[in-house]
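Fold and geometry: a report
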Amino acid sequence: MPDISLPPGLTTRPLDPSDSGAVHALMAAQELHDVGTVEIEEEDLIAEWQRPSYDLAGSSVAVLDPADGDRIVAYAELMGADRYDVAVHPDVRGRGIGTWLAAWVRELARSRGSTVVGMPVPEGSAGDRLLAALGYRVRWTSWVLRLPAGRTIEERPLPEGYAIRIATEADHEQVWHVIEDAFLEWSDRHKDSFEDFAAEVWQRPGFEPWNLQVVVVPTGAIAGAVFTTVSNLDGKRETYVSRLAVHRDHRNRGLAQALLVAAFAAGRERGAASSCLATDSRTGALSLYERVGMVPEAVWVNRAIDLV
């Protein structure tokens, strides 16, 4: 446990899959307070927690307030070798809970052999200021972009021989390779297993076949893929582009833009008024999204600290 202490009266325990609703409510309250919108969905948590490789109980801690019916008022989880998340409800900030959770994460990561650990926070938020004060540096910058409601989606013609269609089960292994291999060109991590990838894509709660579209060549090989979901927050349906990738052999042909347009259109056909995604400075893709009409709405920074 960290050397510092939690405020008197609070208790802790590991998270359980049944906590997804409570943790979602906590994270939504934090997002609403810090950036004015809620981006997280409970399905996002369930998908990450159901990865076969993930030990939720061994990688998380919930902070509870017994005086409030054991409500989860804060939490932390180490989701990978160098990636974690923390949320502290705005009602209980300023009491040292975030500092305690940061120390808890560092200790757990260090015990697992990690040399660095970090998390995303809204730029200028309380979390950003706290981590900066604790000595965390900015590793990269991220942007949340939206295609505003009502904005015309311009068609992006495909090169001759290419076609976009809904992925089938037979495509899943190719999709895994194309997306993961592309992401690993700029992300310093191990390749997710097929089973972990599946847990967050076609096994995600609420998945429908149209959520996963691919662009193929005449031989049937997959040149690129896009995975989207549709959120329903505050009564507004929105398409969220979770993953987008094109194989290196098929780039600079407009395939990524065509996949984006197909994803936006599919969402609108199902009642989504706007579209959203997140990208960061490691990918160099910000201009791609702006070219299809997306507008940056929020800036996040990934703050990390070396574990020495």
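Refer to the preceding data block for the structure.
Residues numbered from 1 in each chain as written. Predicted model: local features only at pLDDT ≥ 70, side-chain atom pairs only at ≥ 80, totals over all residues. Heavy atoms only, no water.

Okay, the overall build of the chain next. Of the regular secondary structure elements, the chain holds eight helices and 12 strands. The C-alpha atoms of the chain give a radius of gyration of 20 Å, which matches the 19 Å a tight globule of 308 residues would have. A principal-axis box enclosing the C-alpha atoms of the chain has dimensions of 65 × 40 × 35 Å. Classification of the 308 residues of the chain by burial places 50% in the buried group. At a minimum sequence separation of 6, the contacts of the chain that also span at least 24 residues come to 70%. Accessible surface for the chain amounts to roughly 14,200 Å². Of this, 50% is attributable to carbon and sulfur atoms. Between the mean site of the 30 positive side-chain charges and the mean site of the 45 negative ones, the chain shows a separation of 4 Å. (Helix = DSSP H or I, 4+ residues; strand = E, 2+ residues; numbered from the N terminus. Rg over C-alpha atoms; globule rule 2.2 N^0.38 Å. Buried < 20%, exposed > 50% of the residue type's maximum accessible area, 1.4 Å probe, protein only. Contact = heavy atoms within 4.5 Å. Areas by Shrake-Rupley, 256 points an atom, 1.4 Å probe, with all protein chains shown as cover. Lys, Arg positive; Asp, Glu negative; His and termini not counted. Charge placed at Lys NZ, Arg CZ, Asp CG, Glu CD.)

It is worth spelling out unusual backbone geometry at this point. Although it is not a glycine, Asp-70 adopts a positive phi angle of roughly 60°. Looking at the element boundaries, Asp-70 is found in the loop between strand 2 (60-65) and strand 3 (71-78). Judged by relative accessible area, which is 42%, Asp-70 ranks as partly exposed.

Let us now look at the packing of aromatic side chains. Taken as a whole and judged by the stated rule, the model has five aromatic pairs. On the basis of an interplanar angle of 75° and a centroid distance of 5.5 Å, the ring pair of Trp-176 and Phe-194 is categorised as edge-to-face. On the criterion of sequence distance, the pair formed by Trp-176 in helix 5 (residues 172-183) and Phe-194 in helix 6 (residues 194-200) is long-range, its members being 18 residues apart. A residue is classified by how much of its surface remains accessible, and Trp-176, at 14% relative accessible area, is buried. With a relative accessible area of 29%, Phe-194 lands in the partly exposed category. Consider the rings of Phe-194 and Trp-202, whose centres lie 5.6 Å apart with planes at 50°: the pair is tilted. Judged by relative accessible area, which is 14%, Trp-202 ranks as buried. Members of the aromatic cluster, each reached through a chain of ring pairs, are Trp-176, Phe-194, Phe-197 and Trp-202. (Phe/Tyr/Trp six-rings, centres within 6.5 Å; stacked < 30°, edge-to-face > 60°.)

It is worth spelling out the pairing of strand 4 (residues 84-88) at this point. Of all five residues in strand 4, five are buried, a share of seventy percent or more. On strand 4, burial covers both faces: Tyr-84, Val-86 and Val-88 on one face and Asp-85 and Ala-87 on the other are all buried. For strand 3 and strand 4, the ladder comprises five bridges, and the chain directions are antiparallel. Bridge pairing in strand 4 places Ala-76 opposite Val-86. Adjacent in sequence and paired antiparallel, strand 3 and strand 4 are bridged by five residues. (Pairing = 2+ DSSP bridges.)

This paragraph deals with the nonpolar core. Judged by nonpolar contacts, the single largest core of 28 residues is most densely connected at Val-63, Tyr-84, Val-86, Ile-97, Leu-101, Val-105 and Val-117. Mapped by element, the contributors of at least two residues to this core are strand 2, strand 3, strand 4, helix 3 (97-111), strand 5 (116-122) and strand 12 (295-306). The element that contributes the greatest number of residues to this core is helix 3, accounting for eight residues. Contacts of Tyr-84, omitting those with residues within four sequence positions, involve Glu-77, Leu-78, Met-79, Val-105, Val-117, Gly-118, Met-119, Pro-120, Leu-131 and Tyr-136. Formed by 25 residues, the second largest nonpolar core is a distinct cluster that contains Ala-223, Ala-256, Leu-259 and Met-294. (Core = buried A, V, L, I, M, F, W, Y, C linked by side-chain atoms within 4.5 Å.)

That is the geometry; function is a separate question.
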